[in-house]
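# Observations on the three-dimensional arrangement
Listed below, chain by chain, are the residues.
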Amino acid sequence: MGPGLFLALALLAPAGRAETAAGLDAQGVDPRAAVENKWGLDVRDEAGRPVTRERVLADLKGAAVKRAADNSFTSALPKARAVLSALELLAEAGAAFRMAATVFALPELLPGLPGGGPKISVLWLLVLASGAMTVSLCRRPETRPALSSSRQSSIEVLRC
């Protein structure tokens, strides 16, 4: 066994034992824990793979690039980009409303009110009535009443 073979085995041995780092595919651990690891702790997933900050950030960048590539297409429609961004915004708003619905569940809050829970139909009626009142009380500039209906009923100064 010559020194060249010994050196080659010594250089290849750590590469054979190196663990494959996990990124966003880490199971049983939040990948943000590896990104926000300010104390330098060893973060591992269920399979025992290390979750590294560099791998998580590389996976996030790859996902952002993939989404941008999926969204970047040319369309014959004149406002395709505006429609696409509006649809993405609508999807995010829907997710936000679903999250808010789970946090502020109306059926769970109503029994805690004094006097028992009101009926949902009464609440909807109050919401619709307040909306109608708001619309009826707001004056639009084009619907202002005229100061005088005719010139004959108003006072005019005549100059000679």
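Note: the structure precedes this text.
What this report covers is the structure whose coordinates are included nearby. Residue numbers run consecutively from 1 along every chain, following the written order of its sequence. Whole-chain, interface and lining totals are the exception, using all residues; otherwise, since this is a predicted model, local features are given only for residues with pLDDT of at least 70 and side-chain atom pairs are given and counted only at 80 or more. Working from all heavy atoms in the structure, the side-chain values ignore hydrogens and water.

Only DSSP runs of H or I reaching four residues or more are called helices, and only runs of E reaching two or more are called strands; each is numbered from the N terminus. Each helix and strand in the chain was counted, giving six helices and zero strands. A simple rule labels every residue: compare its accessible area, found with a 1.4 Å probe on the protein chains alone, to the largest value its type can have, and call it buried under 20%, exposed over 50%, or partly exposed in between. Counting across all 160 residues of the chain, residues that qualify as buried make up 8%. For the chain, the proportion of contacts with a sequence separation of at least 24, taken over those separated by at least 6, is 36%. Here, two residues are considered to be in contact whenever any of their heavy atoms come within 4.5 Å of each other.

A few words on the nonpolar core. By convention a nonpolar core is built from buried Ala, Val, Leu, Ile, Met, Phe, Trp, Tyr and Cys residues, the set being connected through side-chain atoms within 4.5 Å. Residues Ala22, Ala26, Ala34, Val43, Val51 and Val56 constitute the largest nonpolar core, which totals six residues. Setting aside residues no more than four positions away along its own chain, valine 56 makes contact with Ala22, Gly23, Leu24, Pro31, Val35 and Val51.

A cluster of nonpolar side chains, Leu24, Leu57 and Leu60, forms an exposed patch at the surface whose accessible area comes to about 230 Å². Here leucine 24 falls in the partly exposed class, since its relative accessible area comes to 38%. Each patch groups residues whose relative accessible area exceeds 30% and which form no salt bridge, using 9 Å between like charges and 5 Å between nonpolar side chains of Val, Leu, Ile, Met, Phe, Trp and Tyr. Using a 1.4 Å probe, accessible areas were evaluated by the Shrake-Rupley method; residue-level cover was limited to the displayed protein chains. Salt bridges are defined by distance alone: a side-chain nitrogen of Lys or Arg within 4 Å of a carboxyl oxygen of Asp or Glu.

What follows deals with the side chain of aspartate 45. Topologically, aspartate 45 is positioned in the loop between helix H2 (31–35) and helix H3 (53–71). Relative accessible area serves as the criterion here: at 8%, aspartate 45 is assigned to the buried category. Here the side chain of aspartate 45 touches arginine 49 through a polar contact of 2.8 Å, landing on its backbone nitrogen. Among residues more than four places away in sequence, those in contact with aspartate 45 are Ala22, Ala26, Gln27, Val29 and Val51. Under the rule applied, a polar contact is a pair of N or O atoms within 3.5 Å (in protein, one hydrogen donor and one hydrogen acceptor; residues adjacent in sequence only if both atoms are side-chain atoms).

What follows covers the packing of aromatic side chains. Each aromatic pair joins two rings of Phe, Tyr and Trp (for Trp, the six-membered one) with centres within 6.5 Å, and gets the label stacked for planes under 30 degrees apart, edge-to-face for over 60, and tilted for any other angle. Under the defined criterion, the tally for this structure stands at zero aromatic pairs. A ring is considered to have a charge above it if a Lys NZ or an Arg CZ atom is located within 6 Å of its centre and within 35 degrees of its normal. The ring of tryptophan 39 carries the charged tip of lysine 38 above its face, separated from the ring centre by 5.3 Å.

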